[in-house]
Each structure stands twice: as structure tokens, then as C-alpha cells.
Amino acid sequence: MDLYYNILSPPSRATLLLGEALQLKFNLISLDVHRKDYVNAEFKKINPQHTVPTLVVDGVAICEPGAILIYLAERFAAASSGLYPMTDPLRRAIVNQRLLFECGTLYKCIFVYYTPVVLERASPVEADRQKLEEAVGVLDGFLRDSAFVAGDVLTIADYSLVCTVSMLVVLKFDLVPYEQLRRWYERCKGVISGYNELTQRAISMFQTWMEEESTNR
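Worth saying up front: this structure is predicted, and the values here are computed from it rather than measured.

This part covers helix H5 (residues 126–142). The periodicity of an α-helix, 3.6 residues per turn, causes residues three or four positions apart to be oriented the same way. The terminal C-alpha atoms of H5 lie 25 Å apart, and with 17 residues this matches the ideal 24 Å at 1.5 Å per residue to within 8%. Inspection of H5 places Asp128, Arg129, Leu132, Ala135, Val136, Leu139, Asp140 and Phe142 among the buried residues, and these make up the whole buried set. Buried residues of H5, viewed axially, fall in a sector of 160°; they line one side. For H5, exposure combined with an orientation more than 90 degrees from the buried face picks out Glu126 and Glu134.

So, in C-alpha cells, the structure goes:
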């Protein structure tokens with residue numbers, strides 16, 4: 001399986017971490033932003049969305065991160081692992097909803113609020129900040145009665161969301177008001193193998209990238 005990825009991408013890190021948990025060996029192909037690998041013709045033939053991660057299995061490209069995590073769990077995870085509840089439609093629906101919330105709401109809110117601030121050095125937009133706070137509050141609410149985001153068992157939804165939340169930590173978003181989220185975040189750091197090492201690598205690369213961006217301005 002070919003995995004096109006970038007370590008700065010939270011969905012890419014979620015895929016790498018799930019792959020480690022499932023003891024998978026990907027053929028890793030790192031895409032470089034500065035070389036504009038994302039938009040070259042060769043990659044756009046593989047994935048017209050030109051997004052990462054992209055997983056290619058037997059010549060078929062799987063492009064959306066949630067779909068990739070579901071595919072890997074369905075194909076390689078033991079049913080007893082609980083990573084994806086294959087025999088329980090209701091629990092599976094909850095996991096799917098959390099994955100959709102991550103990509104359609106939380107990640108989007110982070111991207112919209114922070115991209116102008118980080119990349120363009122623009123002033124933050126208060127309305128976008130409020131939407132982000134609301135999204136983080138929703139995630140905190142999901143965790144009010146359970147240890148993990150879709151129940152009391154670690155699932156692929158936790159892999160997805162914890163990597164996205166790590167962006168908030170790096171960007172120094174104030175998580176103090178979100179007690180349940182903070183407890184869950186620490187819990188995930190302790191039980192997801194390789195999380196701390198991979199996240200630290202990403203932080204180091206992000207800092208280097210930011211320095212290069214500042215130099216090129």
C-alpha cells in the first residue's frame with residue numbers, strides 16, 4: 001500500500017499511528033509543500049483532490065482521511081480490538097459521526113481561524129474564533145460521559161481527533177476551560193503507541209517550516 005502523506009498534516013499522522021497499531025508496513029511517499037508536490041500533475045492523476053493522506057491499494061486511491069481509517073480498521077483490525085465496531089451498527093454510527101465532525105467542523109474551524117494568522121500574519125477574526133470555541137466545546141461535550149470520543153473504548157475516531165487537537169496545543173489555543181477534553185487528550189497520549197514521538201517530530205518540522213516562511217517573506 002502506497003501512503004502519500006505529510007507529517008505536518010494531522011490526518012496523515014492519524015493514519016501513520018493507526019498503521020503502527022495495526023503493524024502495517026506502508027510504502028511511504030512524503031509530499032513536500034515547498035516543492036508543490038501536492039499540485040503536480042502526477043499526484044493529481046492519483047488524487048484529483050490533491051490532498052493528503054492518500055492511500056493507494058491495488059491501484060485504487062482512497063482520499064478522505066476518515067475513509068482511509070475505516071478501510072484500514074475494517075480490513076486489518078481484529079473485531080475484539082474495538083477500534084471500529086463492525087458488528088454494532090449504532091456504535092459504528094457514533095464513530096462515523098465523530099469522524100465527520102472532525103473533518104467537517106473542528107478541522108475546518110481550526111483551518112479557517114488560524115490560516116490567515118499563521119500564514120499571512122493577519123489579525124484574527126473574532127467570529128471565526130467564536131466558531132472554533134464552539135466546535136471545541138462540542139468535542140468537550142462528547143467526552144462528558146465517556147473515556148473516549150465514541151464511548152469507553154479507543155476507536156479510530158480518537159486517532160483522528162487527537163491529532164487534530166494537537167494542532168490546537170501547538171498553536172497555543174487555551175484548553176483550560178475544556179476539562180473533559182484535556183483529560184481525554186492526556187489519556188490518548190498515554191495509550192496511542194508512538195503518539196508522543198510522532199507529534200514531537202511534527203512540531204519540530206512545523207517550527208522549521210515557520211522559520212523558512214518568515215525568511216522567504
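The rest of the description comes next.
Reading across from one edge, E2-E1-E3-E4 is the order of the 4 strands in this open sheet, with mixed pairing throughout. Both edges of this open sheet fall to strand E2 (27–30) and strand E4 (60–62), since each of them pairs with a single strand only. Within the sheet, the average angular offset between the axes of one strand and its neighbour, ignoring direction, is 20°. Inspection of the sheet shows strand E3 (residues 54–57) paired to E4 by 3 bridges, in the antiparallel sense. Across the sheet, residue Val56 finds its bridge partner in E4, namely Ala61.

Tallied over the full model, the rule gives 3 salt bridges. With a closest N to O distance of 2.5 Å, Glu179 and Arg183 form a salt bridge. Of this pair, Glu179 and Arg183 are both found in helix H7 (residues 179–191), 4 residues apart, which corresponds to roughly one turn of the helix.

By the bridge criterion, 4 bridges tie strand E1 (residues 2–5) to E2 in an arrangement that is parallel. Looking across to E2, one finds that Asp2 is bridged to Asn27. Of the crossover connections in this fold, the one passing from E1 over helix H1 (residues 10–21) to the parallel E2 is right-handed. Pairing of E1 with E3, which is carried by 3 bridges, proceeds in the antiparallel orientation. Along E3, the bridge assignment pairs Asp2 with Val56.

Here we take up the layout of surface pockets. Put simply, the largest pocket is a space of about 870 Å³. Lining the largest pocket are 28 residues, with Leu8, Pro10, Tyr107, Phe111 and Met167 sitting closest to its centre. Mapped by element, the contributors of at least two residues to the lining of the largest pocket are H1, helix H4 (89–119), helix H6 (156–170) and helix H8 (195–216). Taken together, the residues of the lining of the largest pocket break down into 20 nonpolar, 7 polar and 1 charged. Residue contributions to the lining of the largest pocket reach at least three from each of two domains, namely domain 1 (2–79) and domain 2 (89–196).

Conventions and cut-offs
Residues numbered from 1 in each chain as written. Predicted model: local features only at pLDDT ≥ 70, side-chain atom pairs only at ≥ 80, totals over all residues. Heavy atoms only, no water. Helix = DSSP H or I, 4+ residues; strand = E, 2+ residues; numbered from the N terminus. Expected span 1.5 Å × (residues − 1). Buried < 20%, exposed > 50% of the residue type's maximum accessible area, 1.4 Å probe, protein only. Arc of directions from axis to C-beta. Pairing = 2+ DSSP bridges. Axes fitted to C-alpha atoms, helices over the stretch in contact; angles between N-to-C directions. Salt bridge = Lys/Arg side-chain N within 4 Å of Asp/Glu carboxyl O. Right-handed = clockwise from strand over helix to strand, strands pointing away. 1 Å grid on protein atoms, 1.4 Å probe; cavity = no way out; pocket = protein on both sides within 12 Å on 5 of 7 lines; lining within 4 Å. Points joined across faces, edges and corners; volume = space filled by probe spheres on them. Nonpolar A, V, L, I, M, F, W, Y, C, P; charged D, E, K, R; others polar. Domains from an automatic or database assignment.

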